[in-house]
Amino acid sequence: MDATNKIRCRHALLVALMVVVSGLSWMLLDQREWIWDQAWYGEVTLRLHFAAIGGAREWLTELLLGMRTKAPGLAWIGQFFVPLSSHVGGIEHALLVVNLLALLLSCWLVYLAVSRDTGNAEAALIAGFALVSMPMVVALSHEYMVETLQLLSVSALIWATSMSRAEGTHWHLLILIVVFGLSVKISTPAYMVAPAILMATNRRKPRRPVKWAIVVVGIFVGLVLAWYYLNFKVAFETAMRSASGDVAQYYGKHRPYIEKLSLWALAAFRGFGLPLLFVGLRIGAVFLGRVSCKEFQNLFQPYTLQSCAILELVLVMLIAAGQVNEDFRYLNALGPYVAYLFGFVWYRADAFRIRVVLLLALIVQHSILSQVTFGSHTFLRQIIPVHSMGGANTGQAWARQFINEVCMPHSKKVVLVASDLPELNIEHLQFSCSAAALSRDIRCACDFRSIGWKPESFENVRKVIYQVNADYILISGRATFGEFAWLNQTTPQVRTWAYASPDEFEELPFKFSPYVAVFRRRYER
C-alpha cells in the first residue's frame, strides 16, 4: 500500500471512529421502550431466533412467512445479533448494533466512491463526514427501522457503480445489491434506477466472479424471490395503502402537487442538514468576495454517477410528492447521493477559504446534532429537526410486570389487546414478552391478539372476542385518545362490553398503571 492510500485509509478510519463512538455512546445510554413498528421488527427478529433453535424447517417457515406485509430484510439480519444482548445491556442495544454497523459501512462506501472518482482524499473524507452529519440519517440510525439498511443498499450501489466505471461491471454485485435493497424495503428500486442502469450499460468487459460469490448470491436471491413469490400481493397492497390508501390519510393529506413538492423539498433541505451548509457557503462567498468554481460545469455531464445522483434526487422527490403520505423518513435513502455530490462540490470548488468555511459548518452541525441527540439544546431542534431521542419511557413499566406475572408461567394465555396507544399496544407487548422469554431461554407463553382499529358493529366486536377465546383483555383507561383516535375506533365498544359482562370477565385491581384496565376470564380463578 503506497503512502497516499495509507493516508486515505487513516482519514476514513477517523470518520468511521467518529460514527462508532458517538453512535455506541448514545445507544448504551438510551433507555427507551420500543413501541409500534420498532417493537414489531424486534419481535419478528426474536421469533426468527427462537425458530432457528427449533430446527431448520421451523426457521425457514418463519423466514418466509413470519413477516408478510413488509420486506423482512431487517429481521433476517437482526436475528444474528440477538446473542449480543447479554453483552451490551439488552436486546434493544444488541439489535441497534445492526444500524450502527450499517451506518459505518455506508460512510466507508461513500468515502471509497468519492475517493475513486476524484482521487482526492479530502473530498472523500468530507463526503463521508457529511453523510454521518445529516440529522435525518443520524435520527433514523437510532431507530430499529429499515431506513438505515436501505441507506446502506444505496451507498453500496454508489460504490459498485464507481468501481465498475474503471474495472468493468461486477454483475454479481449489482444483483446482490439490488436484491438486498428489495429484501429491506419494497420501494428500494426507486432509489436505484439510474445508477443501476449506468452500471449495467458499462461497455467494459464484465468481471468474472469467484464461485463462492455465485453460490452466496444465488442462495440469497433465491430466498428473497421466494419471499416475494409468497407475499408480494399483501406486501404491495400494504405499501399502496401506506402511500395513498386508507392508512395514508392519517399520515398526510391531499394537497396540490406543487405544494406537496415544496413540502418534500423543504423536508430534504432540513433533514440532510443543508441549512447550516448553505449558510456556510454564503459566509464563505462573502468572506472571499467571489466564488471561483470554474470546473463546476464538469459536475453535471451526462452518463456519470454525479448526473445519476441528481436524477435520483429529482425522481424520488417527484414520486414522493405524488402520494398522500407525508412521512419524510422516506427521503433518508437519498442521503448517500447528497453526500456524494457534496464531495464533488468540495472537490470542484478551488477556493480554499470556502472549503474551510464549509468544513467548519459541517463540524458545527455534527456537534449540535450530537448534543440534540443526547437530549440537550432542545431549542436547536427547529434548526436541525430530529426524532425524539433518549429518556426512559417509564409508562411501559406496567407491561413488564404484567408479562412477568401472567406470561412467564408455561401455561398458554391468550391476551386480547383492545387499544393501540403508546402506553398500550400489541407490538410492544409482543416484543417485551419475547425479550423477557429470551433472558430465561424459553418462549413467550402469551398469545397476544389485536381487536383491530377499524370501526365495527357491536355484534362483530363481540364475535371477535369470543373467537379468540381470550383469557385476558387489556383496555386503555383513557377517556379520549387525541391524535391516536383513528387507531382506537373499536376500543369504546370493547370497554362497554367488558364492563357489562361481569359474569364472564372480572376487572382486576390493577396496581401497575391507572391508564390500563385488565379483565380476566372468570374460569381462570
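Residues numbered from 1 in each chain as written. Predicted model: local features only at pLDDT ≥ 70, side-chain atom pairs only at ≥ 80, totals over all residues. Heavy atoms only, no water.

Draft legend 1. Layout of the overall build of the chain. A tally of helices and strands in the chain yields 20 helices and five strands. Buried positions account for 52% of the 525 residues belonging to the chain. Put simply, of all contacts in the chain between residues at least 6 apart along the chain, 81% involve residues at least 24 apart. For the chain, the exposed surface amounts to about 24000 Å²; the carbon and sulfur share of it is 63%. (Helix = DSSP H or I, 4+ residues; strand = E, 2+ residues; numbered from the N terminus. Buried < 20%, exposed > 50% of the residue type's maximum accessible area, 1.4 Å probe, protein only. Contact = heavy atoms within 4.5 Å. Areas by Shrake-Rupley, 256 points an atom, 1.4 Å probe, with all protein chains shown as cover.)

Draft legend 2. Spotlight on the packing of helix α17 (residues 397–407) against helix α18 (residues 426–439). In contact at an axis separation of 10 Å, α17 and α18 are set at 60° when each is read in the N-to-C sense. Considering their axes alone, α17 and α18 lie oblique with respect to each other. Crossing angle aside, the handedness with which α17 passes α18 is right-handed. Here Trp398, Ala399, Ile403 and Cys407 of α17 come into contact with α18, specifically with His428, Leu429, Ser432, Cys433 and Ala436. Split into classes, the residues belonging to the contact of α17 with α18 amount to seven nonpolar, two polar and no charged. (Axes fitted to C-alpha atoms, helices over the stretch in contact; angles between N-to-C directions. Parallel < 35°, antiparallel > 145°, perpendicular 65-115°, else oblique. Left-handed = near helix turned anticlockwise from the far one by under 90°. Nonpolar A, V, L, I, M, F, W, Y, C, P; charged D, E, K, R; others polar.)

Draft legend 3. A look at the pattern of salt bridges. On inspection of all chains with the given rule, the structure shows 14 salt bridges. Between Glu326 and Lys260 there is a salt bridge whose closest N-O contact spans 2.9 Å. Of the two residues, Glu326 is situated in the loop between α14 (305–321) and α15 (335–348) and Lys260 in helix α12 (residues 257–271); the sequence distance between them amounts to 66 residues. Taking the relative accessible area as the measure of exposure, Glu326 reaches 15% and is therefore buried. The exposure class of Lys260 is buried, given its relative accessible area of 2%. A network of salt bridges, in which partner residues are shared, links Glu147, Lys185, Asp327 and Arg329. (Salt bridge = Lys/Arg side-chain N within 4 Å of Asp/Glu carboxyl O.)

Draft legend 4. Spatial organisation of the nonpolar core. Within the largest apolar cluster, 74 residues are counted, with the highest numbers of intra-cluster contacts made by Phe402, Cys407 and Phe448. Broken down by element, the residue count for this core peaks at eight residues, all from α18. Counting residues in each nonpolar core, the second largest holds 50 residues, with Ala113, Met136, Trp264 and Tyr337 among its members. (Core = buried A, V, L, I, M, F, W, Y, C linked by side-chain atoms within 4.5 Å.)

Draft legend 5. Representation of helix α5 (residues 91–118) in the model. Taking 1.5 Å per residue, 28 residues should reach 40 Å; α5 reaches 41 Å between its end C-alpha atoms and fits that length. Counting buried positions along α5 yields 20 of 28 residues, so the element is predominantly enclosed. Positive backbone phi, at 70°, marks Gly119, one or two positions downstream of α5. (Expected span 1.5 Å × (residues − 1).)

Draft legend 6. Up close: the state of the cysteines. Under the counting rule described, the total for this entry stands at two disulfides. In this model Cys407 forms its disulfide with Cys446; the gap between the sulfur atoms is 2.1 Å. Sign of the S-S torsion, about -90° for the bond between Cys407 and Cys446, identifies this disulfide as left-handed. With a gap of 39 residues between them, Cys407 in helix α17 and Cys446 in strand β2 (residues 446–450) connect regions that are remote in the sequence. Each member of the pair, Cys407 as well as Cys446, carries the same accessibility label: buried. Across the disulfide from Cys433 sits Cys444; the S-S distance is 1.8 Å. What sets the handedness of the Cys433 and Cys444 disulfide is the S-S torsion sign, and at about 90° it is right-handed. Taken together, the positions of Cys433 in helix α18 and Cys444 in the loop between α18 and β2 put the pair 11 residues apart, joining distant regions of the chain. (Disulfide = S-S within 2.5 Å.)

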